[in-house]
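# Fold and contact review
Letter by letter, the chains look like this.
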Amino acid sequence: MRRNVCNLIIVFLIVVISPLAHANEVIGKVKTLSGTPVIERSGTPIAAKLGGPVYPQDKIITDEHSAIGFLFNDDSRLSLGPLSTLLLEQFSFDEKSHDGNFGVSIQKGTLSVISGKLTAKTPGSLKVRTPAAILAVRGTEFSVKVDALGEEEEEQ
Amino acid sequence: MNSIYKIIISLVLLLGIVGCASVNTLSPEERKSGIVLSYAETPDGDKVTPLCPITETYMVMPEEGGKVGTVDVAFNNGDELVLHGDYSSVTVAGEQTKTYVSDSAEMTELFGTVLAALPEAPFTATLYFISDSDVLDATSKQEAENIYNNIVQRQAVEVSISGHTDTVGSEKSNIILSKRRANTVRRGLIQRGVSEETIKITAFGESKLLVETDDNTNELKNRRVEINVR
């Protein structure tokens, strides 16, 4: 009897809870990769791999020898250079109407963005947050560099 | 003991007060309108050396096909500006911001690595077929080569192929024909080394006409395969 209850709980955990941890849908995929970028998902670091998915709230981290590029569901493209940290804050995209929002925040490093269908439909719907500002992209391609002062000084 | 603490505290305060220069290079008019023309020249006599090093740089990349890039920037302190046009840039050093028009040399220096990591653009292509056949027509045969070669060199590529027919023949036989057409393209890709798992196929028969026609109408534009590459 007790075992049954345990099993039930386990089944419940697997069926109900684990999808919740991933309630988010895949919003994009890794299309270019060099070095060993890491994707931090729900606090767990995962080695990024070509073709692998990304979800909202994923944090992308590159070391000095790494770079990574993503293609998102709305055809927007985004890449991260070495020594960078980026959080995929939110992504919503309606395939039919092309409505939605895309928000990322860069803590440090370099980021390049080519906007896609979201921005074509609603200019400004793709937003990049930096430590100093919020950039609303009306179209189409731009880059951002953020130096993490404190860290660089420490490293030197 | 006490005096040492005092010195330390006053030093910290001093640092806090001096910090970075809180000079903002936006002129009053620019502040009011919130717009900085990208092609406006960098103000001459800009000899105030920022007390802080540059911590952030934003740059609009050059665009092809006559498109002009635009980015609205809203700083945390409430200042706003618009970057508009190839290479228009802004640097942030403490509270100080400076707009200027950069060039390809600086773009490569600052962003060469990250730009090289941008994935290729996704695209959609259409290939046309001979009537009642899964053989590509002459023009499409040549175009198919270019498309196949493009796809095969892409990393982590995903290909969706949808087959279509015109209204000649029965709906049922057209489903089969459209699938054969999609498979023609699929085979072409696999022969050139594209991995099978990356290719998805859908057969629509005559259910999604590109050109609306009556039944039993020969129409090249409907005898097609659409390829979506990501």
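Going by the structure above, here's the rest.
Here's a quick rundown of the structure. Along every chain, residues carry numbers that run from 1 in the direction the sequence is written. Numbering of ligands from 1 and lettering of chains from A proceed in the order in which they are written. Given that this is a predicted model, residues contribute local features only at a pLDDT of at least 70 and side-chain atom pairs are listed and counted only at 80 or more, while totals for whole chains, interfaces and linings are drawn from all residues.

### Details of the overall build of chain A
For clarity, the cut-off: Only DSSP runs of H or I covering at least 4 residues are called helices, and only runs of E covering at least 2 are called strands; the numbering of each starts at the N terminus. Three exposure classes are used. Buried residues have 20 or more other C-beta atoms within 10 Å of their own C-beta, exposed residues have 12 or fewer, and partly exposed residues fall in between, all C-beta atoms being placed from the backbone. Here the contact rule is simple: place C-beta atoms from the backbone, and any two residues whose C-beta atoms are within 7 Å are in contact.
Assigned secondary structure in chain A consists of three helices and 12 strands. Within the span of chain A, comprising 156 residues, buried residues form 44% of the whole. Look at the contacts in chain A between residues 6 or more apart in sequence, and 49% of them connect residues 24 or more apart.

### Observations regarding the overall build of chain B
When its secondary structure is counted, chain B shows five helices and nine strands. N-terminal to C-terminal, the α/β element order of chain B is α-α-β-β-β-β-β-α-β-α-β-α-β-β. For chain B, the proportion of its 230 residues judged to be buried stands at 29%. Sequence separation of at least 24 residues holds for 68% of the intrachain contacts in chain B that already meet a minimum separation of 6.

### As for helix α4 (residues 138-152) of chain B
Residues and elements named next belong to chain B. Here is the rule: To estimate the expected span of a helix, subtract one from its residue number and multiply by 1.5 Å. Read the arc as the range of directions from the helix axis to the C-beta atoms.
When the terminal C-alpha atoms of α4 are compared, their 22 Å separation across 15 residues agrees well with the 21 Å that a helix rising 1.5 Å per residue should span. Every buried residue of α4 is listed here: Ser140, Ile147 and Ile151. The buried residues of α4 occupy one face: seen down the axis, they fall within an arc of 40 degrees. Facing away from the buried side of α4 by over 90 degrees, the exposed positions are Ala138, Gln142, Glu145, Asn146 and Asn149. In this structure, the buried side of α4 is in contact with β6 (123-128), β7 (159-163), α5 (171-191) and β9 (224-229).

### Notes on the nonpolar core
If you look at soluble globular proteins, the nonpolar side chains tend to sit buried side by side. Rule in force here: We define a nonpolar core as a collection of buried residues of the types Ala, Val, Leu, Ile, Met, Phe, Trp, Tyr and Cys that are connected via C-beta atoms lying within 7 Å of each other.
Among the nonpolar cores identified, the biggest contains 51 residues, and Leu111 of chain A together with Tyr58 of chain B are the most heavily contacted of them. Here this core takes six residues from strand β9 (residues 100-114) of chain A, the largest share from any one element. Dropping the residues within four chain positions of it, Tyr58 of chain B is found in contact with Leu135, Phe142 and Val144 of chain A together with Val71, Val73, Leu83, Ser89 and Val90 of chain B. Judged by nonpolar contacts, the second largest core, of 17 residues, contains Leu127, Leu136, Val157 and Leu189 of chain B.

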